[in-house]
Amino acid sequence: MARVRRIQIRTHRMVSGALQGAYRSNFRGTGIEFEEVRPYQPGDEVRSIDWNVTARTGEPHIKTYQEERQLLLHLVVDAARSMEFSSTDRSKLEVAAEVAALLAFVAAHNQDQVGLSLASCSDPRHLPADRGTRHVLRIVREVVGARSAPSRAPLGDLIEEQLKHLRRRSLVFLISDFLGIEDREHFADALARLARAHDVLCVRVFDPFEEELPDAGVLLLEDAEGKSCVEVDTSSARVRAAWKRDAEERR
């Protein structure tokens, strides 16, 4: 609970400041949803004519829409073992929790609903969208307290799950280090289908060590799943350059 409180305090100033304006200008009031098809009336916008219904009935009809007054925000957080890695004072999962808290608190401030899907952990969770500070604090607690599963679920499968759960059009934030993309074609296809049904933003979390090796002599490195170890001579400029090049290609 103390970690959740620290995140709440750390994010409070940002929620109350520039992020609030950015959220309103970029996300609020931009969505519209279909309301009905009705007969055309003089003065209606010609571009709104539904030509299929018009052809079927022989009378001009238009589609009408209404502005979505409430935004539905859904956070999809990858809690795989690789997200527990840290070469600094915070793991990637803690950073992900902070990002989730920022988005959830600013949404709550605007009376929007927020939901959560927590994946690749020992106890996967799907919290339906709700509003209020208590609900937001629960979301942060779930992310901070997540424990990774022995093996990572493919990110493409994680995205497929969202297509089953999300009934209403939502603003989806996918927060991950994106290291679980083994089948790129499946991942790209699932992401494209999710983006057709929802507004999707990917937030990539990474550790500085993954981008650039320090000159620290010979290190024994273990992969994220704990399946293999390898010695890496970080004092070699060639090794550090190859590491950085691989990181750039992965990004």
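Residues numbered from 1 in each chain as written. Predicted model: local features only at pLDDT ≥ 70, side-chain atom pairs only at ≥ 80, totals over all residues. Heavy atoms only, no water.

### Some points on the pairing of strand β6 (residues 171-176)
What counts here: Relative accessibility decides the category of a residue: with a 1.4 Å probe and only protein chains considered, values under 20% of the type maximum give buried, values over 50% give exposed, and everything between is partly exposed. Helix and strand labels come from DSSP, where a helix needs a run of H or I of at least four residues and a strand needs a run of E of at least two; each type is numbered from the N terminus. The criterion for strand pairing is that DSSP finds at least two bridges linking the strands in question. With strands facing away from the observer, any crossover in which the path from the first strand over the helix to the second runs clockwise is taken as right-handed.
Taking burial as the measure, the six residues of β6 include six buried ones, the bulk of the element. Both faces of β6 are covered, namely the face carrying L171, F173 and I175 and the face carrying V172, L174 and S176. Strand direction decides the pairing type here: strand β3 (residues 72-78) and β6, joined by five bridges, are parallel. Looking across to β6, one finds that L73 is bridged to L171. Pairing of β6 with strand β7 (residues 199-204) involves six bridges; the strand directions are parallel. Counterpart to L174 in the pairing with β7 is C202. Regarding topology, helix α7 (residues 184-197) serves as the crossover connection from β6 to the parallel β7, and that connection is right-handed.

### Examining the pattern of salt bridges
So the rule is basically this: For salt bridges, the criterion is a side-chain nitrogen of Lys or Arg within 4 Å of an Asp or Glu carboxyl oxygen.
Enumeration according to the criterion identifies 14 salt bridges in this entry. The partner of K92 in a salt bridge is D177, with the nearest N and O atoms 2.9 Å apart. One end of the pair, K92, is in helix α4 (residues 92-109); the other, D177, is in the loop between β6 and α7, with 85 residues separating them in the sequence. For K92, a relative accessible area of 1% gives the class buried. Residue R204 is joined to E211 by a salt bridge in which the shortest nitrogen-to-oxygen separation is 2.8 Å.

### Considerations on the pairing of strand β8 (residues 218-222)
Among the five residues in β8, zero count as buried, and that is only a small part of the element. Both β8 and strand β9 (residues 229-233) contribute to a ladder of five bridges, which runs antiparallel. Within β9, the residue paired with V218 across the bridge is D233.

### Concerning the packing of α4 against helix α5 (residues 133-144)
Where we set the bar: Think of each axis as a best-fit line through the C-alpha atoms, taken over the contacting stretch in the case of a helix, with angles from 0 to 180 degrees between the N-to-C directions. Here the angle decides the label: under 35 degrees means roughly parallel, over 145 means roughly antiparallel, 65 to 115 means roughly perpendicular, and every other value means oblique. Here a residue-residue contact requires only that any non-hydrogen atoms of the pair lie within 4.5 Å. Residues are grouped as follows: Ala, Val, Leu, Ile, Met, Phe, Trp, Tyr, Cys and Pro are nonpolar; Asp, Glu, Lys and Arg are charged; all remaining types, including Gly, are polar.
Contact pair α4 / α5: the axes reach a minimum separation of 9 Å and the direction vectors enclose 170°. Put simply, α4 runs roughly antiparallel to α5. Residues L93, A96, A97, A101, A104, F105 and A108 of α4 lie in contact with α5, whose contacting residues are T133, V136, L137, V140, V143 and V144. For the contact of α4 with α5, a count of residues per class yields 12 nonpolar, one polar and no charged.

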